[in-house]
Amino acid sequence: MSHSLPKDARFETRAIHAGQGPDPRNGAVMTPVYLTSTYAQDAPTVTRDGYEYSRTSNPTRTALEENLASLENGNWGLCFASGLASTNALMDRLVPGDHVVAGNDLYGGTYRMFTKVFERYGIEFSFVDTTDPDKIKEAMRPTTKYVYIETPSNPLLNLTDIAKAAEIAKNSGTAQLVVDNTFATPYLQRPLELGADIVLHSLSKYLGGHSDLIGGALVGRDEKTREELAFYQNAVGGCLAPLDAFLVLRGTKTLGVRMDRHCSNATKVAEFLSEHELVDRVIYPGLPNHPQLKIAQAQMSQPGGMLSFELKGGVEAANAFASTTKIFTLAESLGGVESLVEVPPSMTHASIPAEIRRAAGLADGLVRLSVGLEHEDDLVADVTQALTAAAKAAGAPAAS
Ligand SMILES: *Cc1c(COP(=O)(O)O)cnc(C)c1O
């Protein structure tokens, strides 16, 4: 059902059309939600178009997998029931004694899976500061199967040089580079073009974009890797449901326009915060003081919609801020049209032990914002009134 798109069709055009096209039978412009578990066959060994059971494949999911492959400039995509189910499929390929070099500032759920699930199976992990390529190199072993990075990382927005990490993985002869591209999205950053082997997404965030589903995806180029991962997708069974695939297809159509506004709104809020006297530091890859600004400019087209900051009053101020905002909803997750605020150490990253969090530079009073698509002036006004409440809570004089 795919459109025959011009080869040089640009990102925004592929976002709307890749993997999709009018139904050849009735002209339906939107890909139907194929709510079916099974498919009629013409003979025990003859399927129609390759479909036999929806855990293995489903036409709505296929459309999304082709769409995501196109957006990441890969050859294939595989969709899973959640971002973590995608990570799980990667880990299912490993055997006891295999080793993974991972960032020391990963999404808390990823860290929890590595340490609480796969270490029990004899998989070994080294968590290192991947912003320094030498640290990755030093951690490599003959048994290393993945270099697993998040850039920008969650919640400290540290950036890893993808091209350098790819070179280290390639030179090892054993490891593939996996990049969790959830924060940047393929509109801002395409790791496969920089040498990564596999891109991972939580579709629950910007790609879905409306905080109404949970999903995950892997995208890559190498066919043998696709076959292995498709085997685990089917054999383990963590596949994306057709209705959720439909919702993500609806989300990717507007990804470019949404990301442009997420980025301009986040820039506005980041600049406002960085000039405010109650704010200790703002972490945003678009600010001149970001420690990896050069990498941001080299591998991202814009700085993204996520930012983190520390308040002078520490945890008390952070909790007061996050409990007082009116437009920013206090909630986990990110990447939806609506703005969200959270305090990672007690919410999304609570599964990481405090001493490990602190060693990685995650302060107890860190506040993370997912800047949405509301009017920028309303967002700044909301942040302003919440800062006043934070100042009171911390016993500091109210801000002017
Ligand atoms: C949310 C998130 C995940 C996990 O995805 P789920 O869809 O919640 O399972 C992985 N990586 C990053 C960076 C995330 O933000």
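Residues numbered from 1 in each chain as written. Predicted model: local features only at pLDDT ≥ 70, side-chain atom pairs only at ≥ 80, totals over all residues. Heavy atoms only, no water.

Caption draft 1: Up close: the overall build of the protein chain. In terms of regular secondary structure, the protein chain is built from 14 helices and 12 strands. A compact globule built from 400 residues would reach a C-alpha radius of gyration of about 21 Å, and the protein chain, at 22 Å, matches this within 12%. A burial count over the protein chain gives 53% of its 400 residues as buried. Long-range pairs, those at least 24 residues apart, make up 71% of the contacts in the protein chain with a sequence separation of at least 6. When the accessible area of the protein chain is evaluated, it comes to approximately 16,700 Å², of which 53% is carbon and sulfur surface. (Helix = DSSP H or I, 4+ residues; strand = E, 2+ residues; numbered from the N terminus. Rg over C-alpha atoms; globule rule 2.2 N^0.38 Å. Buried < 20%, exposed > 50% of the residue type's maximum accessible area, 1.4 Å probe, protein only. Contact = heavy atoms within 4.5 Å. Areas by Shrake-Rupley, 256 points an atom, 1.4 Å probe, with all protein chains shown as cover.)

Caption draft 2: Examining the sheet that holds strand β1 (residues 76–80) more closely. Taken in spatial order, the seven strands make up an open sheet running β1-β7-β6-β5-β4-β2-β3, and their pairing is mixed. Edge strands, defined here as strands with exactly one partner in the open sheet, are β1 and β3 (124–128). Across the sheet, the axes of successive neighbouring strands diverge by a mean angle of 20 degrees, strand direction being ignored. Across three bridges, strand β5 (residues 176–180) lies against strand β6 (residues 198–202) in parallel orientation. Looking at β6, one finds that V178 is bridged to I198. Here helix α8 (residues 223–236) sits on the sheet and contacts β1, β5, β6 and β7 (216–220); the angle it forms with β1, its principal contact strand, is near 20 degrees. (Pairing = 2+ DSSP bridges. Axes fitted to C-alpha atoms, helices over the stretch in contact; angles between N-to-C directions.)

Caption draft 3: Geometry of the site of the ligand. Neighbouring residues of the ligand: 14 residues in total, closest G83, D180, S202, S204 and K205. Interatomic distance of 2.9 Å between a backbone N/O atom of L84 and an oxygen atom of the ligand. Here an oxygen atom of the ligand sits 2.7 Å away from a polar atom, N or O, in the side chain of S204. With the chains in place, 94% of the 380 Å² that the ligand exposes on its own is no longer accessible. Residue classes in the shell around the ligand are distributed as four nonpolar, seven polar and three charged. (Near = heavy atom within 4 Å. Polar contact = N/O pair within 3.5 Å; in protein donor to acceptor, adjacent residues only side chain to side chain. Nonpolar A, V, L, I, M, F, W, Y, C, P; charged D, E, K, R; others polar.)

Caption draft 4: Spotlight on the domain arrangement of the protein chain. Domains assigned within the protein chain are domain 1 (11–253) and domain 2 (256–394). For domain 1 and domain 2, the distance between their C-alpha centroids amounts to 26 Å. The interface of domain 1 with domain 2 comprises 36 residues on the first partner and 41 residues on the second. With both chains or domains summed, domain 1 and domain 2 bury close to 3,100 Å², and 60% of this area falls on carbon and sulfur atoms. Where domain 1 meets domain 2, there are zero salt bridges. In this assembly, domain 1 and domain 2 are joined by 15 residue pairs in polar contact (both at pLDDT 80 or more). When contributions to the side of domain 1 that touches domain 2 are tallied by element, the ones reaching two or more residues are α4 (108–118), α7 (185–188) and α9 (242–253). For the side of domain 1 that touches domain 2, the element with the most residues is α4, which contributes four residues. Each residue belonging to the side of domain 1 that touches domain 2 can be placed in one class, and the counts come to 16 nonpolar, 17 polar and three charged. (Domains from an automatic or database assignment. Buried area = accessible area lost by both parts, 1.4 Å probe. Salt bridge = Lys/Arg side-chain N within 4 Å of Asp/Glu carboxyl O.)

Caption draft 5: Expanded view of the nonpolar core. Among the nonpolar cores identified, the biggest contains 39 residues, and L64, L68, C79, L203 and L255 are the most heavily contacted of them. Where this core is concerned, the elements lending two or more residues are α1 (11–17), α2 (59–71), α7, β7, α9, α10 (255–274) and α11 (293–299). Domain assignment of the residues forming this core places at least three in each of domain 1 (11–253) and domain 2 (256–394). With sequence-adjacent residues up to four places away left out, C79 is seen in contact with R61, L64, E65, L68, L203, G216, A217, Q233, C239 and L240. Ranked by size, the runner-up nonpolar core spans 29 residues in total, among them A266, V282, Y284 and L311. (Core = buried A, V, L, I, M, F, W, Y, C linked by side-chain atoms within 4.5 Å.)

Caption draft 6: Main features of α8. For α8, spanning 14 residues, the distance from its first C-alpha to its last is 20 Å, which sits close to the expected 20 Å at 1.5 Å a residue. Regarding α8, the residues found buried are T225, L229, A230 and Q233. Each buried residue of α8 lies within a common arc of 125 degrees when the element is viewed along its axis, so the set occupies one face. Exposed and facing more than 90 degrees away from the buried side of α8 are K224, F231 and A235. At its buried positions, α8 is contacted by α2, β1, α3 (83–92), β5, β6 and β7. Following α8 by one or two positions, G237 adopts a phi angle in the positive range, close to 95 degrees. (Expected span 1.5 Å × (residues − 1). Arc of directions from axis to C-beta.)

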